[in-house]
Amino acid sequence: MAAETTTDSQAQIVDQTNRQNGLPAFKLERYFSKWEFKAPYLLCCSDCEPVLLPELLNLMDPDSRTRWESLRLGYGETRGLPALVDEICTLYEGVRPDGVIVGAPQECIYLAMLALLKPGDHVVVTYPGYQSLFQVAESLGCQVDLWEVELGEDGSATFDVGRFQALLRPSTKLAVVNFPHNPTGVLLSRADWSLLVDACRRVGCYLFSDEMYRLLEFDPEARLPSAVDAYDKAITLSGLSKAFGLPGLRIGWLAVQPACYPILARVAELKDYTTICNAVPSEALALVALRARETLLRRNLDILETNLRAVGAFMREFGQVFQYCPPAAGSVAFPRLLATSAAGEVGGGESVEAFCERLVTGCGVLLLPASVYGHELSAARGHFRIGLGRRDLPACLEVLRGFLTGQHQAPLPPNEQA
């Protein structure tokens, strides 16, 4: 999320212009734009603890160090640094270098949709989710059906593959899925994943699989095969922002099998209108990260395991305020604010949006209300996203505890934090 400051009137003008151009404001990113660099206690971030540059440099192998020390700050190749592309291929069973293009993750989503879709195409998308996964298709004039999460009375979340199958048509052009899921942390079973892939194969549609949270499975046996290894018409999106704790590199990629090479070629052509190439320092550092992936992933899974225990204990302590089901995988969860008192007290008939606003202005803790996903049901039920991947989560919970018990003190501004 980029840092910026705008007045309300400027924001309205930008939103109106975006709507005229076919894309409305990105609710989640606008919410972060407003609060991310003001709130001192970020309890909703979806990435794992950002890696310090010296920490990453210490993981260099001799070849990576030579590349880094002799780096020329010129243009890079459109499809990505060849050594980086080769390393990406090792993440999959059957992906060759011709089946990979490197770009910013959001850029990859946008360009893939432009390359694939035309007005009138039918698209099925997991929902709620990251807005561009469905919004770009809508802006192109596609018919978009939403495969909605099912929310249980106990705060649980599930995706019924039977409902997904029912949404597909013989004419469906594209299915868009995201597992592990943001914001719920849902991970399909292997059996359900096979049913989903088989359903796409039967109708012949493309499958765009957002796998940004893959590799953050708490049980490695639960990890699903990547879509690109399961289906010849799959397009896998992945990157370094979430599982690797490297969102500042802005490095992601698309991986495909030969059946989708023409789409990838079109993405490369369209990239000439966006970034042309990636930042070469980012590519060099991304190569370091992928070569040291076991170290980085273990680091981040250790943080997640510690934080899951802390959040679980906190939610049990405040069970009258929150309803919580741990995620199956990934770095986010989707608790629920309960209405536990008549009025005026925490959760007492207050909307989740109002609670989150009162929280961040009152004690500096930032949560993400479900309303930023545009999903009316989860917002009405009081759901919000909590991030599990940052090392300061226990400190954030302590401030939240003070707020809930009426013992909080005004937070220090971010620039005065230790």
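That block above? That's the structure.
Here is a short report on the structure shown in this document. Just so it is clear, the model here is predicted, and its values are computed rather than measured. (Residues numbered from 1 in each chain as written. Predicted model: local features only at pLDDT ≥ 70, side-chain atom pairs only at ≥ 80, totals over all residues. Heavy atoms only, no water.)

Let us look at the pairing of strand S16 (residues 384-387). Here S16 shows two buried faces, one formed by Phe-384 and Ile-386 and the other by Arg-385 and Gly-387. Summarising the sheet, strand S12 (residues 332-333) and S16 pair through 2 bridges and their orientation is antiparallel. Paired with Val-332 across the bridge in S16 is Gly-387. (Buried < 20%, exposed > 50% of the residue type's maximum accessible area, 1.4 Å probe, protein only. Helix = DSSP H or I, 4+ residues; strand = E, 2+ residues; numbered from the N terminus. Pairing = 2+ DSSP bridges.)

What follows covers the packing of helix H2 (residues 27-35) against helix H14 (residues 352-363). Orientation of H2 relative to H14, taken along the N-to-C sense of each, is 25°, at an axis distance of 12 Å. When the axes of H2 and H14 are compared, the pair comes out roughly parallel. Crossing handedness for the pair H2 and H14: right-handed. Contacts from Tyr-31, Lys-34 and Trp-35 of H2 reach H14 at Cys-356, Glu-357, Val-360 and Thr-361. (Axes fitted to C-alpha atoms, helices over the stretch in contact; angles between N-to-C directions. Parallel < 35°, antiparallel > 145°, perpendicular 65-115°, else oblique. Left-handed = near helix turned anticlockwise from the far one by under 90°. Contact = heavy atoms within 4.5 Å.)

Another point: the nonpolar core. One finds Phe-208, Leu-240, Leu-254 and Phe-322 to be the most contacted residues of the largest nonpolar core, which totals 110 residues. Looking at this core element by element, the count peaks at 8 residues for helix H13 (residues 293-317). Setting aside chain neighbours within four positions, we find Leu-254 in contact with Gly-99, Val-100, Ile-101, Cys-108, Ala-112, Phe-208, Ile-235, Thr-236, Leu-237, Leu-264 and Val-267. (Core = buried A, V, L, I, M, F, W, Y, C linked by side-chain atoms within 4.5 Å.)

This part takes up the sheet that holds strand S3 (residues 122-127). Ordered in space as S2-S10-S9-S8-S7-S3-S4, the 7 strands form an open sheet in which the pairing is mixed. One side of each edge strand has no neighbouring strand; the edge strands of this open sheet are strand S2 (100-103) and strand S4 (143-148). Direction aside, neighbouring strands of the sheet carry axes that sit 20° apart on average. As paired strands, strand S7 (residues 172-178) and strand S8 (residues 206-210) are joined by 5 bridges and run parallel to one another. If you follow Asn-178 over to S8, its bridge partner there is Asp-210. Lying over the sheet, helix H9 (residues 190-203) contacts S4, S7 and S8, oriented at roughly 145° with respect to S8.

Glancing now at the layout of surface pockets. By volume, the second largest pocket is sized at about 250 Å³. If you go around the second largest pocket, you meet 14 residues; those closest to its centre are Arg-67, Leu-71, Arg-72, Leu-81 and Val-280. Broken down by element, the residue count for the lining of the second largest pocket peaks at 3 residues, all from helix H12 (residues 280-291). Considering only residue class, the lining of the second largest pocket consists of 6 nonpolar, 4 polar and 4 charged. (1 Å grid on protein atoms, 1.4 Å probe; cavity = no way out; pocket = protein on both sides within 12 Å on 5 of 7 lines; lining within 4 Å. Points joined across faces, edges and corners; volume = space filled by probe spheres on them. Nonpolar A, V, L, I, M, F, W, Y, C, P; charged D, E, K, R; others polar.)

Before going further, it helps to spend a moment on the environment of Arg-223. Position of Arg-223 among the secondary structure elements: in the loop between S8 and helix H10 (227-230). Residue classification places Arg-223 among the partly exposed positions, given a relative accessible area of 24%. As a C-alpha pair, Arg-223 and Ala-329 span 106 residues in sequence and 8.8 Å in three-dimensional space. Once residues lying within four places of it in the same chain are set aside, the contact partners of Arg-223 are Arg-190, Arg-214, Leu-215 and Glu-217.

Glancing now at the sheet that holds S16. The strand order across the open sheet formed by 3 strands is S12-S16-S15, and the pairing between neighbours is antiparallel. For this open sheet the edge positions go to S12 and strand S15 (368-369), each flanked by a neighbour on one side alone.

What follows deals with the pattern of salt bridges. Inspection of every chain in the model, using the stated rule, returns 20 salt bridges. Between Arg-293 and Glu-87 there is a salt bridge whose closest N-O contact spans 3.1 Å. Here the residue Arg-293 occupies a position in helix H13, and Glu-87 occupies one in helix H5 (residues 82-89), the gap between them amounting to 206 residues. Relative accessible area serves as the criterion here: at 16%, Glu-87 is assigned to the buried category. Note that Asp-145 and Arg-169 form a salt bridge whose closest N and O atoms lie 3.6 Å from each other. Of the two residues, Asp-145 sits in strand S4 while Arg-169 sits in the loop between helix H8 (161-167) and S7, which places them 24 residues apart along the sequence. The class for Asp-145 is partly exposed, based on a relative accessible area of 24%. Given a relative accessible area of 29%, Arg-169 falls into the partly exposed group. Where salt bridges share partners, they join Asp-61, Asp-63, Arg-67, Glu-87, Arg-291 and Arg-293 into one cluster. (Salt bridge = Lys/Arg side-chain N within 4 Å of Asp/Glu carboxyl O.)

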